[in-house]
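Architecture and fold: a report
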Protein chains: 2
Amino acid sequence: MVYDPKIVSSRRDMLKKSAALVAGSAALVATGPALASEQCASKQPKFDEIYDLIIVGSGFAGMSCANQAAQDGAKVLVIDKMPVFGGNSTINGGAMAVAGSALQKKAGVEDSVELMVSDMLKAGRGMNDKHMLKLVCDGTAESAKWLEDHGVVWKPFVQHFGGHSVPRTLQTRESSGSGIVRPLIETAKKHGVKMYDKTEMRGFVEDDNGRIIGIKVQSGYFWPKTKTGTPKVFGARKGVVMATGGFGRDIPFRQIQQPKLTDELDSTNQPGANADALKQMMLIGANPVHLDQIQLGPWSSPDEKGFGTASQFNTIAVYPKGIVVDVRTGERFFNELADRKTRSNAILTRRDDQNKPVYPVGFTNAEGAKRAQTLGWGLKYDVIKKADTLDELAKLYGMPADKLEKQVARFNEFVKKGHDDEFNRPLETAIEMKEGPWYAVRMWPKVHYCMGGVRVNTNSQVLRLTDDKPIPGLFAAGEATGGIHGASRLGSCAVAEGVVTGRNAAKNAVTQTAAKLELA
Amino acid sequence: MVYDPKIVSSRRDMLKKSAALVAGSAALVATGPALASEQCASKQPKFDEIYDLIIVGSGFAGMSCANQAAQDGAKVLVIDKMPVFGGNSTINGGAMAVAGSALQKKAGVEDSVELMVSDMLKAGRGMNDKHMLKLVCDGTAESAKWLEDHGVVWKPFVQHFGGHSVPRTLQTRESSGSGIVRPLIETAKKHGVKMYDKTEMRGFVEDDNGRIIGIKVQSGYFWPKTKTGTPKVFGARKGVVMATGGFGRDIPFRQIQQPKLTDELDSTNQPGANADALKQMMLIGANPVHLDQIQLGPWSSPDEKGFGTASQFNTIAVYPKGIVVDVRTGERFFNELADRKTRSNAILTRRDDQNKPVYPVGFTNAEGAKRAQTLGWGLKYDVIKKADTLDELAKLYGMPADKLEKQVARFNEFVKKGHDDEFNRPLETAIEMKEGPWYAVRMWPKVHYCMGGVRVNTNSQVLRLTDDKPIPGLFAAGEATGGIHGASRLGSCAVAEGVVTGRNAAKNAVTQTAAKLELA
């Protein structure tokens, strides 16, 4: 294997070398290429393998990009540093917000791209990149069908997720993102997409004009053992797409932006979800936006690790069809269908006088829980508890039984008359909870999603800090990008974003003039 | 003049060159210095002038740094790109929050560093860098005295600014930051500090070990005519301190982070307050924090440009001693002593059905306005209006007179009993407003302060994105840094930050081993 390290960047070097050395490299950046080339004759690099498009990351964005690019005739490579494909996308609920789906029409739900944009803007506190937001919402209906054509099977009903003004969420039959990623991997392979796992991107390769023409990788790498594997250089004639996700599991990095997100807070993310790829892009001049906007998932449980069984149970059962109460009072304390930021913030206020968490309890009854596929597992692992009566439920969690009964009766009254006098929660999907058995979980938020990331334009090109123009040959899609969601992402909008922007990156990348690259 | 451009960075190049060229330079960064030096033999640069410390920016932070460093025996240069020294620091209210001042003791106010930290944490929504916050609060009392020793004269009373739980704000006799910057410039010059205006920093100079040893500047530059002036290179044996302020007037850059901060929103900042220096630091690997946390000042008026006369009038008269009402109802709608974010957000909600601003009106009576030094100018320019009776006041702004009278009576009742039943505003400094004449202004927020900036440690060293370690030789102080204030800075804490961190940077920079530099 031959490669020319002189114009190949090295993430390992950048991230691990001593302070002085890393800073030393910086003077050369700012020197500008004209000066640099006077000074240092650059050689055309040789590549171990050459593709049209290289996609880093194999989640919703990466696999949507790969399929679209292959269909458009490109020779595609997908790499993932982890030993399994799919990243966080395989360990979430597989729910996708779609404006104008066939299932909405069937259910008589009136929706529009404009309404979805408006819901996301509201949750995003107006910080959203409106052009990208419009692009995503606009693409959802067509992309949901495109996913069906690729073997994705949706549940036969549409759901009402928090912060959305109408039911517009489709969910895979499996209640998991793997119901999207798995078929996309199958179809990609059928279309000739090459896929390497255990392959970590460690730097960009540029040509003399500053165009990104490839990446340096560590092949056969066992995460997180940094010294394993072999270096290789892959060429990308039409571009590199960074579909590298967020940094929710990178505790030191997230705490720099949000000191309160300590290691006491669990995360729903897979362990590889760190800031390395983001740093790589920033080092070559990408513009980071909204890095301090980090989302907590309001549906997780402290009684299990990660996304677990509670997240799906709460999303499909407790939040739309049950209530959440403070165990000390047995009373509700927030709108259970507010956006994620509002709900997480509300839950995090439940603390004792030592500032220790007092975990609220969310519950519904058998009718409310009937569509919750993780109920069985949750009960098995003792994360979800069952009680035949409210009195028994109160005892399980040390709640005042009389107050709890009053609260349920009061909520049922609201459902009956169609208005929540206390927290103005939309009640379209709510039910009167008249009898047990009851199913309940303790709740505490977990770090779930990074709204921040690199700034892109509507061609999914990564934009430069200095002048807001594209870095040639560099694209990004999905959670790796910042700005679409503003201050708070609504539930089921990450799948929408990943699929639509992944395909968008592919469509634009394949139209680029191919760089002339040479094999080693 | 001779300089070696090969290891000298060039902001002009970075910011102005074509996309391809700028990106092209990036490959070399990531290459790492070891590779770079194999490839490109670097030469020791020669400098036009050599100092121990070079300070970029001449506001509170820069001039405090300059004085401290000169007193500690350093040979110091201060540069400023603008034709006048002082930046934003000369056009604000000159108010400094101090925990434990002599004036507090005289007024019987009990205060502590811990209380100030806690107030700032609350306003900052817990996003604050606690180490830096503690350092700033801890240094205020000593720094306030240090300023007095340098000729600053405080008003003989302590004020209660919004979001502070006790009165702790000192203010210059002049009600302007020029009352601090002017004497600091005088004493600096006495101590031999060299000061160049019209001199723009355009890049860093590093040695082969990555230590910052100087800057490239454009001397004799007429802002914003980028092609004016002459390039020079200045050496800094002990370090460069970036006291370059925020980017409040950089409309495209601020809109990337906060799309709502359009050019419809005025700013209190001087026209040179752009993101150029921040970008320079990011290009050599500084870590940006909280760039989307941009503060609006809640005390400005749409009836004049910039900071104007209303800001001081509202700060010293309307907010502590008067009330702010919606002109359509004549009623209060927020706690007038809440932190700036809360107040600005409240004001921005006053809009008509076309989403156009409905400017609220703030007012107090003659007794409340007696300490407002800008009252005369405000009246002269017709920004502040006078009315003999509430009825007349109501007519001036088209408010319902009966409701306005009821509101004033109701507020007076709150003051009398010592509790604001509606918005829980602290009433220690409030007065019963029993009779006219009344003084009033229309209010609308303006972009005022960037909480975000580069991350630093408690030695005021700029920390690197990749590994959170210092970039050798590079310091930053004041608004150029990010993290101290979290999501919202409290009023009068910028002067505190600037003075304390400027001096802190000096104290640490002068202890560095001097680099050996050569004159051209």
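Residues numbered from 1 in each chain as written. Chains lettered and ligands numbered in written order. Predicted model: local features only at pLDDT ≥ 70, side-chain atom pairs only at ≥ 80, totals over all residues. Heavy atoms only, no water.

1. Re the pairing of strand 11 (residues 294-297) of chain B
Regular strands place their side chains on alternate faces of the sheet. Residue and element names in this part refer to chain B. The test is simple: Only protein chains enter the accessibility calculation, which uses a 1.4 Å probe; a residue whose area is less than 20% of its type maximum is buried, one above 50% is exposed, and one in between is partly exposed. Counting from the N terminus, the helices are the DSSP runs of H or I reaching at least four residues and the strands are the DSSP runs of E reaching at least two. When DSSP finds two or more bridges between two strands, those strands count as paired.
Neither face of strand 11 is left uncovered, since the one carrying Ile-294 and Leu-296 and the one carrying Gln-295 and Gly-297 both have all their residues buried. Both strand 11 and strand 17 (residues 446-450) contribute to a ladder of four bridges, which runs antiparallel. From the neighbouring strand, Leu-296 faces strand 17, where its bridge partner is Val-447.

2. A word on the domain arrangement of chain A
Residue and element names in this part refer to chain A. Heads up, the condition is: Where each domain begins and ends follows an automated or database-derived domain assignment. The contact definition used throughout considers only heavy atoms, calling two residues in contact when any of these lie within 4.5 Å. Once two parts are joined, some of their accessible surface, as seen by a 1.4 Å probe, is lost; buried area is that loss totalled over both. The working definition used for a salt bridge is a side-chain nitrogen of Lys or Arg within 4 Å of a carboxyl oxygen of Asp or Glu.
Segmentation of chain A into domains returns domain 1 (1-92 + 179-295 + 450-520), domain 2 (93-178) and domain 3 (299-444). Spacing between the C-alpha centres of domain 2 and domain 3 amounts to 25 Å. Contact residues are listed per partner, giving 14 residues for domain 2 and 16 residues for domain 3. Here domain 2 packs against domain 3, burying approximately 1,100 Å² in sum over the two surfaces, 56% of which is carbon and sulfur. Area buried by domain 2 at its contact with domain 3 is led by Arg-125, Phe-157 and His-160, which between them contribute 41% of it. The interface formed by domain 2 and domain 3 includes one salt bridge.

3. Digging into the UniProt feature "domain: FAD-dependent oxidoreductase 2 FAD-binding" (unreviewed entry) in chain A
Rules: UniProt positions are given in the numbering used here, feature names are shortened, and annotations may be inferred rather than shown by experiment.
Sequence positions flagged by UniProt for "domain: FAD-dependent oxidoreductase 2 FAD-binding" (unreviewed entry) are, in local numbering, residues 52-494 of chain A. Split by type, residues 52-494 of chain A is 30% helix and 20% strand. Its first and last C-alpha atoms lie 27 Å apart.

4. A look at the sheet that holds strand 15 (residues 384-387) of chain B
Backbone hydrogen bonds hold the strands of a sheet together, and the pairing may be parallel or antiparallel. Residues and elements named next belong to chain B. How we decide: Fitted lines through C-alpha atoms give the axes, limited to the stretch in contact for helices. The angle between two N-to-C directions lies from 0 to 180 degrees.
Spatial strand order, 13-12-14-16-15: five strands in an open sheet with antiparallel pairing. The outermost strands of the open sheet, each flanked by one partner alone, are strand 13 (331-332) and strand 15. Sheet topology places strand 15 next to strand 16 (residues 438-442); four bridges connect them, and they run antiparallel. Bridge pairing in strand 16 links Lys-385 to Ala-440. Against the sheet, helix 11 (residues 310-321) makes contact with strand 12 (323-326), strand 14 (361-365), strand 15 and strand 16, and its axis sits at roughly 65 degrees relative to strand 14, the strand it touches most.

5. Describing the sheet that holds strand 13 (residues 331-332) of chain A
Residues and elements named next belong to chain A. Spatial strand order, 13-12-14-16-15: five strands in an open sheet with antiparallel pairing. If you trace the sheet from one side to the other, it starts and ends with strand 13 and strand 15 (385-387), each paired once. Sheet topology note: the strand 12 (residues 323-326)/strand 13 ladder contains two bridges and is antiparallel. Note on strand 13: the bridge partner recorded for Val-325 is Arg-332. Against the sheet, helix 14 (residues 390-397) engages strand 14 (361-365), strand 15 and strand 16 (438-442), with an angle of about 140 degrees to strand 15.

6. A look at the packing of aromatic side chains
Think of a pair of aromatic rings as described by two things: how far the centres are apart, and how the planes are tilted against each other in angle. This is how it is decided: Each Phe, Tyr or Trp ring (for Trp, its six-membered ring) is paired with any other whose centre lies within 6.5 Å, and the angle between the two planes then decides the class: stacked below 30 degrees, edge-to-face above 60, tilted in between. Here, a charge over a ring means that NZ of Lys or CZ of Arg falls within 6 Å of the ring centre while also lying within 35 degrees of the ring normal.
Under the criterion given, the structure shown has 18 aromatic pairs over all chains. Aromatic side chains Tyr-51 of chain A and Phe-234 of chain A sit 6.4 Å apart centroid to centroid with 80 degrees between the ring planes, which places their arrangement in the edge-to-face category. Residue Tyr-51 of chain A is found in strand 2 (residues 49-56), and its partner Phe-234 of chain A is found in strand 9 (residues 230-242); the two are separated by 183 residues along the sequence. Accessibility assignment for this pair places Tyr-51 of chain A and Phe-234 of chain A in one class, buried. With a centroid separation of 5.4 Å and 65 degrees between ring planes, the pair formed by Trp-299 of chain A and Phe-307 of chain A is classed as edge-to-face. With respect to burial, Trp-299 of chain A and Phe-307 of chain A carry one shared label: buried. An aromatic cluster is defined as three or more aromatic residues linked by ring pairs; in this entry it consists of Tyr-51, Tyr-196 and Phe-234 of chain A. A cation over an aromatic ring shows up here: Arg-202 of chain A above the ring of Tyr-221 of chain A, its NZ or CZ 5.0 Å from the ring centre. Over the aromatic face of Tyr-51 of chain B sits the side chain of Lys-75 of chain B, whose NZ or CZ is 5.2 Å from the ring centroid.

7. A few points about the pairing of strand 3 (residues 76-79) of chain B
All names here are of chain B. Condition: Whether a crossover is right-handed comes down to one check: with the strands pointing away from the viewer, does the path from the first strand over the helix to the second run clockwise; if it does, it is right-handed.
Covered by surrounding structure in strand 3 are Val-76 and Val-78 together with Leu-77 and Ile-79, the residues of both alternating faces. With helix 4 (residues 60-71) bridging strand 2 (residues 49-56) and its parallel neighbour strand 3, the resulting β-α-β unit is right-handed. Here strand 3 runs beside strand 6 (residues 194-196); their pairing, made up of three bridges, is parallel. Residue pairing in the sheet places Ile-79 in a bridge with Tyr-196 of strand 6.

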